[in-house]
Protein chains: 4
Amino acid sequence: MAEDSTAGQNSADEQWIEELLSISKEEKMTPKQISILQAAIEVFSEKGFSATATSEIAQKAQVAEGTIFRYYKTKKELLLAIVGPTMSRMIAPFVLRNFNGVLDVPFDSYEEFLRAFIVNRLEFARKNFKIIKIVIQEIPFQPALREQFMENVLSKVLERVVAITEHFKEKGQLIDVPTPAILRFTISSAVGYLLTRLLLQPEKDWNDEEEINLTVRFILHGIGGSPSE
Amino acid sequence: MAEDSTAGQNSADEQWIEELLSISKEEKMTPKQISILQAAIEVFSEKGFSATATSEIAQKAQVAEGTIFRYYKTKKELLLAIVGPTMSRMIAPFVLRNFNGVLDVPFDSYEEFLRAFIVNRLEFARKNFKIIKIVIQEIPFQPALREQFMENVLSKVLERVVAITEHFKEKGQLIDVPTPAILRFTISSAVGYLLTRLLLQPEKDWNDEEEINLTVRFILHGIGGSPSE
Amino acid sequence: MAEDSTAGQNSADEQWIEELLSISKEEKMTPKQISILQAAIEVFSEKGFSATATSEIAQKAQVAEGTIFRYYKTKKELLLAIVGPTMSRMIAPFVLRNFNGVLDVPFDSYEEFLRAFIVNRLEFARKNFKIIKIVIQEIPFQPALREQFMENVLSKVLERVVAITEHFKEKGQLIDVPTPAILRFTISSAVGYLLTRLLLQPEKDWNDEEEINLTVRFILHGIGGSPSE
Amino acid sequence: MAEDSTAGQNSADEQWIEELLSISKEEKMTPKQISILQAAIEVFSEKGFSATATSEIAQKAQVAEGTIFRYYKTKKELLLAIVGPTMSRMIAPFVLRNFNGVLDVPFDSYEEFLRAFIVNRLEFARKNFKIIKIVIQEIPFQPALREQFMENVLSKVLERVVAITEHFKEKGQLIDVPTPAILRFTISSAVGYLLTRLLLQPEKDWNDEEEINLTVRFILHGIGGSPSE
DNA sequence: AATGAATGAGGCTTCATTCAT
DNA sequence: TATGAATGAAGCCTCATTCAT
């Protein structure tokens, strides 16, 4: 049930940690509570948070409307209960490596890192697609969410990725361009693939391996043709 | 008042057409109507469509609540009145060139095209930032919007950009990779810059010219280090 | 429409001030608003504030439930709108006399004062019976109400009545007992009559003049038998 | 644990009856039930019956919500269970004397009666303050309560006090004024003291003996100055 | 006996929309 | 054309009460 694997390897202990997270978040819930969460994820992602009526969630979850409020004091709290744990899990593969404070880059090349990163996060995004949609939709309007995202997710991921990037820059695998720009290029390209893959053309018959190859190659070598330089 | 210029050049006729669009949308409006639109843009982008009360729009627009419904039958119609024209203008630089059916690529190189494209759309996005935010937020939830976007914007832009891309592919300026991938790479990188620039770090002190140079270079040559250079 | 007269006299100017108060509070209301207030007074006094449903008020007032909230943001605000002005009018006869800062006791004897006071406040209580009931019921539970009552009503009335009492004490019309006790005796007896008259036995066939005579006499001479007679 | 003593004497048999009442109401209760009653008294008197949530009572009583409804079918029944016994005990000193049908006035003077009455009921009110507050608050809104109060309390007390009063009227200790008026004067003055003492100024440093002396004297001789003394 | 999860009716309040002026 | 009072459906949430454990 390791719904999330690590960027580098799929070592057993990491899966265990992942599962631990999942367990602490979901295992000790009652069936009704799980059903409420699932229904809420469904409807929030379909209609948006503000446009969703708690009565509809209740109906889809097959519980009384009042039951929702036994578990979550307000509708907003329900939103955060959905979104918070997922945000934590967004960054799991980035933080786990760091836990002993030693920089540990388990990749021989930036290319290897890129590929692992995209494969792993594509898998994660596929599994948590609806919740991610909710996060993206609501971050601009929920200060609590935005703050949590900035402090607990974005900054930690950046910190880690900056370290990795500079590691490979020193090894001469990357051109000498300001790190923020390199990050932007890399992340734009990766996210661009994920969004195209999952959001814009989900029904297209994708060959993920091939597309990821192309994307990695694009990031590393651009799309300029041979003759031009 | 040409708040939007063309990708390639700023020829007068194009400005004229742009203005025509503007006129037809704004010039024959009463001051109250304009004020309503401005207020609605403000509040929609700040709170989201569903979370916005028409009463708040009325208050900010300094009109009576009922006045809004003189001009727009429903709240949703008001949304579409804001978003529709902007979507048309999103694609202005792409469609204008094509009006006589002849393929007309007024750029000597893909690089030139890229630069013009990014500069131009950055300017556009800066000027229409709030509306674009609304479009992005509401497209997933408003079928009418999504349909209009798909048919009137995306497909037309793609059609045009595909033509341009294949034009330069034939000229050997681009590597032989499926056109959709090339489009994805290009658009991801460009949009990645726009979003970072305007949404994620708007307060940072950006040197646009330099960043655009880097971005264009990235797209064409990637970020691979020594081996390629 | 001077629904309230002064303790001492019914001079025209005082009536005018009374009416001014009334006008500023009620005259510029819409019929619906008045109807809401009347219905609320009715139901609040009958069922108590907490046990009253706004829907019932709306029904009795023949307006839509939403209309109530156009005039009063919350149910509690509606309560205060009912109770506040009446509390102001409770003390009207006490404060009016004082407006020039000069102690002005327009009574030749404590007996005259007592009689005027009881007559006047009986009339007031009769007219505002339901609202007074609401005030008494809700003062223990609504801090805002209690505070307003303590600061704007009770302290002002006491200040005035203390002055009057000490005035007659100096003239030898009252025994030399601490003023607070005298106040307590007087007010207990007067209020005791009002409550018995209006609340406990409203349907009894009262001879108000006679009862007030008895009450005043009791206050002044007690009910002791032989020694006084 | 005779928390209530008799007006006249503290004869043992009366205490026994008092305790019997207490036993039948409290001794055969489980600890949980007692805890529920205490919590309910607390919260009802603080927030009012309608504004009190049974969940809050359960929380304060440290029992589950459902437990309350094991003992009391409805919230209203819980109210009556609190208020009923206390109402019975309100009149204990009045009815006990009468049980053999013989008029038995164990006081030599009205003054003695008054003093005993006030002292005794002050003690009672002090001990049952919160419940009395609840009774007063809810009597206007609970027909069951009002009826019980009228039939079981008020009428019995009045009957007894009327007898006592006429007894002393015949002995010439009271002036010849209609008995209801005398009752009203007496009770108003006594209750006025109790309320001022416990409700309006509970934190004031009262000298109860002195105040009761003054009050009794007032009732008997009024507050008229020179002529009477 | 005791629990507390679950219910669903009903409470307060908001809000898009209408309509008489 | 513009207003804003009025509406009432619907939203979020509370709470007395039930019932399986």
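All residue numbers here refer to positions counted from 1 along the written sequence of the relevant chain. Chain labels run from A onward and ligand labels from 1 onward, assigned in the order the entries are written. Given that this is a predicted model, residues contribute local features only at a pLDDT of at least 70 and side-chain atom pairs are listed and counted only at 80 or more, while totals for whole chains, interfaces and linings are drawn from all residues.

Q: Before we move on, can you summarise the interface of chain D and chain C with the specific residues and values?
A: Two residues form a contact once the distance between their C-beta atoms, set from the backbone, is within 7 Å. Listed by partner, the interface residues are 31 residues for chain D and 32 residues for chain C. Secondary structure is summarised from DSSP: a helix means a run of H or I of at least four residues, a strand means a run of E of at least two, and numbering begins at the N terminus for each. Taken together, the elements giving at least two residues each to the side of chain D that touches chain C come down to helix H10 (179-200) and helix H11 (208-221) of chain D. Here the element with the most residues in the side of chain D that touches chain C is H10(D); it accounts for 9 residues.

Q: Got a sec to walk through the protein's contact with DNA strand F? Specific residues and values, please.
A: For each residue, a C-beta atom is placed from the backbone, and the residue is labelled near a molecule or strand when this atom is within 6 Å of it. For DNA strand F, the set of nearby residues contains 35 residues, the closest of which are Thr74(A), Ala64(B), Gly66(B), Gly66(C) and Thr54(D). Residue classes follow a fixed rule: Ala, Val, Leu, Ile, Met, Phe, Trp, Tyr, Cys and Pro count as nonpolar, while Asp, Glu, Lys and Arg count as charged, and any other residue, Gly among them, counts as polar. Residues belonging to the surface near DNA strand F are distributed by class as follows: 8 nonpolar, 16 polar and 11 charged.

Q: So what's going on with the protein's contact with DNA strand E? Which residues, and what values?
A: The full set close to DNA strand E counts 34 residues, and Gly66(A), Thr54(B), Thr74(C), Ala64(D) and Gly66(D) are the nearest of them. Contributing elements (two or more residues each) for the surface near DNA strand E: helix H4 (65-71) of chain A, helix H3 (54-61) and helix H4 (65-71) of chain B, helix H3 (54-61) and helix H4 (65-71) of chain C together with helix H4 (65-71) of chain D.

Q: Lay out the packing of helix H10 (residues 179-200) of chain C against helix H11 (residues 208-221) of chain C with the relevant residues and their values.
A: All names here are of chain C. With axes taken as lines fitted to C-alpha atoms, and helix axes fitted only over the stretch in contact, angles between N-to-C directions fall between 0 and 180 degrees. The N-to-C vectors of H10 and H11 enclose an angle of 160°; their axes lie 10 Å apart at closest approach. The pairing of H10 with H11 is recorded here as roughly antiparallel in orientation. Considering how the two elements wind past one another, H10 and H11 form a crossing that is right-handed. Of the residues in H11, those touching H10 at Phe 185, Thr 186, Ser 189 and Tyr 193 are Glu 211, Thr 215, Phe 218 and Ile 219. In the contact of H10 with H11, the residues fall into 4 nonpolar, 3 polar and 1 charged. Working rule for angles: under 35 degrees goes down as roughly parallel, over 145 as roughly antiparallel, 65 to 115 as roughly perpendicular, anything else as oblique. Working rule for handedness: look at the near helix, and if it is turned counterclockwise from the far one by less than a right angle, call the crossing left-handed; if clockwise, right-handed.

Q: Got a sec to walk through the interface of chain B and chain A? Specific residues and values, please.
A: Between chain B and chain A, the contact holds 31 residues from the first and 31 residues from the second. Mapped onto the side of chain B that touches chain A, the elements with two or more residues apiece are helix H10 (179-200) and helix H11 (208-221) of chain B. The residue inventory of the side of chain B that touches chain A, partitioned by class, reads 14 nonpolar, 15 polar and 2 charged.

Q: Break down helix H7 (residues 110-127) of chain D for me, citing the residues and quoting the values.
A: All names here are of chain D. Take the residue count of a helix, subtract one, and multiply by 1.5 Å to get its expected span. Here H7 spans 26 Å end to end across 18 residues, near enough to the 26 Å set by a 1.5 Å rise per residue. Neighbour density around each residue's C-beta defines its exposure: 20 or more other C-beta atoms within 10 Å make it buried, 12 or fewer make it exposed, and counts between make it partly exposed, where C-beta atoms are placed from the backbone. Within the sequence span of H7, burial applies to Tyr 110, Phe 113, Leu 114, Phe 117, Ile 118 and Phe 124. One face of H7 carries all of its buried residues, which in axial projection span an arc of 135°. Its buried side turned inward, H7 meets helix H9 (143-170), H10 and H11. In this context, the arc is that of the directions from the helix axis out to the C-beta atoms.

Q: Describe the relation of the copies chain D and chain C, and please don't skip the residues or the numbers.
A: Overlay of chain D on chain C (RMSD 0.2 Å): rotation 179°, translation along the axis 0.0 Å. When the rotation and shift are considered jointly, the pair of chain copies conforms to a two-fold rotation axis. It is Gly222(D) whose C-alpha, among those of chain D, lies nearest the rotation axis, at 1.6 Å. Residue by residue, 100% of the interface of chain D is reproduced at the interface of chain C, so both copies engage with the same surface. A least-squares fit on C-alpha atoms brings the copies together, and the residues used are those whose pLDDT is at least 70 in both copies.

Q: Explain helix H5 (residues 75-90) of chain C to me, and be specific about the residues and the numbers.
A: Its 16 residues give H5(C) an end-to-end C-alpha distance of 23 Å, which sits within 8% of 22 Å, the value for a rise of 1.5 Å per residue. Within H5(C), the full set of buried residues consists of Leu78(C), Leu79(C), Ile82(C), Val83(C), Met87(C), Arg89(C) and Met90(C).

Q: Lay out the relation of the copies chain B and chain A with the relevant residues and their values.
A: Superposition of chain B onto chain A requires a rotation of 179° combined with a translation of 0.0 Å along the rotation axis, giving an RMSD of 0.2 Å. A symmetric contact is evident, with 97% of the interface residues of chain B recurring at the interface of chain A.

Q: I'd like a rundown of the environment of Glu209(A), residues and numbers included.
A: Here Glu209(A) is to be found in helix H11 (residues 208-221). Sequence separation of Glu209(A) and Arg115(A) is 94 residues, and the distance between their C-alpha atoms is 9.6 Å.

Q: Tell me about the nonpolar core, and name the residues and values.
A: Formed by 37 residues in total, the largest nonpolar core has its most connected members in Leu114(C), Ile219(C), Leu114(D) and Ile219(D). Elements with a contribution of two residues or more to this core: helix H7 (110-127), helix H9 (143-170), H10 and H11 of chain C together with H7, H9, H10 and H11 of chain D. We call a set of buried Ala, Val, Leu, Ile, Met, Phe, Trp, Tyr and Cys residues a nonpolar core when their C-beta atoms link them within 7 Å. In this structure, Phe117(A), Ile164(B), Leu214(B) and Ile219(B) belong to the second largest nonpolar core, which totals 36 residues.

Q: Provide a residue-level description of the packing of helix H2 (residues 31-47) of chain C against H3(C), including the pertinent values.
A: Residues and elements named next belong to chain C. In contact at an axis separation of 8 Å, H2 and H3 are set at 125° when each is read in the N-to-C sense. Taken together, the axes of H2 and H3 are oblique relative to one another. For the crossing formed where H2 meets H3, the hand is right-handed. Across the interface between the two elements, Ser 35, Ile 36, Ala 39, Ala 40, Glu 42 and Val 43 from H2 touch Glu 56, Ile 57, Lys 60 and Ala 61 from H3. Considering only residue class, the contact of H2 with H3 consists of 6 nonpolar, 1 polar and 3 charged.

Q: Can you break down the confidence of the model for chain A residue by residue, with the values?
A: The pLDDT score gives, residue by residue, the confidence of the prediction method on a 0 to 100 scale. Confidence in the prediction for chain A averages 84 pLDDT; 80% of positions are at 70 or higher. Scored below 50 in pLDDT, residues 1-21 of chain A makes 34 contacts in the model with residues more than four places away or belonging to other chains.

Q: Any chance you could break down unusual backbone geometry for me, citing the residues and the numbers?
A: What you tend to see is this: most non-glycine residues have negative phi, and most peptide bonds are trans. Residues and elements named next belong to chain A. Unusually for a residue other than glycine, Gln 62 sits at a positive phi of about 60°. Inspection of the secondary structure puts Gln 62 in the loop between helix H3 (54-61) and H4. Classification of Gln 62 as exposed rests on a count of 11 C-beta atoms within 10 Å.

Q: For the environment of Ile36(A), give the residues involved together with the corresponding values.
A: All names here are of chain A. Take Ile 36: it is sitting in helix H2 (residues 31-47). By C-beta crowding, Ile 36 is classed as buried, having 27 other C-beta atoms within 10 Å. Linking Ile 36 and Pro 140, residues 104 residues apart in sequence, is a C-alpha distance of 24 Å. Those residues in contact with Ile 36 that lie beyond four places of it in its chain are Ile 57, Ala 61, Val 63, Ile 68 and Tyr 71.

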